[in-house]
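So the chains spell out like this:
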Amino acid sequence: MRLIEDYGPAPLDDPAVYPGTWPSGPVMVSADAVVPVPPSISTTDRIAVLAIGSNANPAQIRRKGIAGEVLLLPTTLQNHLVVHAGHITTYGAVPATVVRWPQASCRVFVAWLTERQVADTTISEHGNYDLVDLPTDDGIIPGYRARSGVLTDRTGWPIRLAAIEARGPGLPTEMTQAQALAAHPGPVR
């Protein structure tokens, strides 16, 4: 397999770059390569799960030890925003979560996973997330939503991840990872 891009060490070693490098389009991630999704690949025996933060980062998939091939296909999340969660990870990042925001949209990825990969990904979330159904351009797809809630500004509005472009009316403030870490009062989980 031809390596598309060397993603290097897990970028989450430096939380300033959370959610890390996302692919520019549909890819298949394995332990040793990131390649375009082969046309012959079927999603029939796989489960669609939204990857809205670092779970769309090939280096994070590898760091979590998700075995086998993971297919990442772009989609658009509808009527929701990707925002900073209400906790800090054990590796020092303010992770992503979703919040309902009428008429908003943002580009995210669908990770097509085997049953085992879904179980391993859920375990890697350390009980901090629940799988909830979310609307996308490709239909309703489950995605992880933080149990800890969201990081909010002084007015109580959620704070968007600056790294994820969003569209829609009246969008709330965005922050980089460094800004979110400086503003976050939350517990480490």
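Above this text is the structure in question.
Parameters and conventions
- Numbering of residues begins from 1 in every chain and follows the order in which that chain's sequence is written.
- Only residues with pLDDT of at least 70 get local features here, since the model is predicted, and only at 80 or more are side-chain atom pairs given and counted; chain-wide, interface and lining totals rely on the full set of residues.
- Calculated side-chain values reflect all of the structure's heavy atoms, with hydrogen atoms and water omitted.
- Runs of E in the DSSP output that reach at least two residues are strands. Runs of H or I that reach at least four are helices, and both are numbered from the N terminus.
- For every residue, the accessible area obtained with a 1.4 Å probe (protein chains only) is divided by the maximum for its type, and the residue is called buried under 20%, exposed over 50%, and partly exposed between those limits.
- For this analysis, residues touch if any pair of their heavy atoms sits within 4.5 Å.
- Accessible areas in this description were obtained via Shrake-Rupley with a 1.4 Å probe; residue shielding takes into account the shown protein chains only.
- Each polar contact in these results corresponds to two N or O atoms within 3.5 Å; when the atoms are within protein, one needs to be able to donate a hydrogen and the other to accept it, and residues that are neighboring in sequence are counted only if both atoms are side-chain atoms.
- Two rings from Phe, Tyr or Trp (for Trp, the six-membered ring) form a pair when their centres are within 6.5 Å of each other. A pair whose planes differ by under 30 degrees is stacked, one over 60 is edge-to-face, and the rest are tilted.
- Salt bridges are identified by distance alone: a Lys or Arg side-chain nitrogen within 4 Å of an Asp or Glu carboxyl oxygen.
- Directions are taken from the helix axis to each C-beta atom, and the arc is the one they span.
- Here, nonpolar core refers to any group of buried Ala, Val, Leu, Ile, Met, Phe, Trp, Tyr and Cys residues whose side-chain atoms link them within 4.5 Å.

J.: Which residues make up the overall build of the chain, and what values do they have?
T.: Tallying secondary structure elements over the chain gives three helices and ten strands in all. In sequence order, the chain lays out its α and β elements as β-β-β-α-β-β-α-β-β-β-β-β-α. Burial statistics for the chain: of 189 residues in total, 49% are counted as buried. Counting only contacts in the chain whose residues sit at least 6 apart along the sequence, the fraction spanning at least 24 positions is 73%. Carbon and sulfur atoms form 52% of the exposed surface of the chain, whose accessible area is close to 9,000 Å².

J.: Got a sec to walk through the side chain of His 80? Specific residues and values, please.
T.: Its location among the elements puts His 80 in strand β4 (residues 70-84). At a separation of 3.0 Å, a polar atom in the side chain of His 80 contacts the main-chain carbonyl oxygen of Gln 78. His 80 has contacts with Val 98, Val 99, Arg 100, Trp 101, Ala 104, Ser 105, Cys 106, Leu 134 and Pro 135, leaving out every residue within four places of it along the chain.

J.: Can you lay out the packing of aromatic side chains for me, pointing to particular residues and giving the numbers?
T.: Summed over all chains, the structure comprises three aromatic pairs. Summarising the aromatic geometry, the rings of Tyr 129 and Tyr 144 are spaced 6.3 Å apart at their centres and angled 85° between planes, so their arrangement reads as edge-to-face. Here Tyr 144 lies in strand β7 (residues 139-146) and Tyr 129 lies in strand β6 (residues 129-136), a separation of 15 residues in the sequence. Tyr 144 matches Tyr 129 in its accessibility class, with the two residues each being buried.

J.: Let's hear about the pattern of salt bridges: which residues, and what values?
T.: Throughout the structure, instances matching the rule amount to five salt bridges. For Asp 130, the salt bridge identified is with Arg 147, shortest N-O distance 2.7 Å. Taken together, the positions of Asp 130 in strand β6 and Arg 147 in the loop between β7 and β8 (160-161) put the pair 17 residues apart, joining distant regions of the chain. Residue classification places Asp 130 among the partly exposed residues on the basis of a relative accessible area of 34%. Salt-bridge contacts for Glu 165 lead to Arg 167; the nearest nitrogen and oxygen are separated by 3.0 Å. Judged by relative accessible area, which is 53%, Glu 165 ranks as exposed.

J.: Can you lay out helix α2 (residues 115-124) for me, pointing to particular residues and giving the numbers?
T.: Here α2 has its buried residues at Gln 117, Val 118, Asp 120, Thr 121 and Ser 124. The buried residues of α2 occupy an angular sector of 165° when projected down its axis, which confines them to one face. The exposed residues of α2 that point more than 90 degrees off its buried face are Glu 115, Arg 116 and Ile 123. Its buried side turned inward, α2 meets β3 (47-51), β4, β5 (96-113) and β7. Backbone geometry just after α2 places His 126 at a positive phi near 55°.

J.: Account for the nonpolar core, naming residues and giving values.
T.: Counting residues in hydrophobic clusters, the biggest one holds 41 residues, and the most contacted among them are Leu 50, Val 70, Leu 72, Leu 77, Val 82 and Val 108. No other element matches the ten residues that β5 contributes to this core. Setting aside residues up to four positions removed in sequence, Val 70 forms contacts with Val 27, Met 28, Val 29, Arg 46, Ile 61, Ala 111, Trp 112, Leu 113 and Gln 117.

J.: Tell me about the environment of Val 49, residues and numbers included.
T.: Structurally, Val 49 can be placed in strand β3. C-alpha separation for the pair Val 49 and Gly 143, spaced 94 residues apart in sequence, amounts to 5.4 Å. Each residue touching Val 49, except ones within four places of it in the same chain, is listed here: Phe 109, Val 110, Ala 111, Leu 113, Val 118, Leu 131, Ile 141, Pro 142 and Tyr 144.

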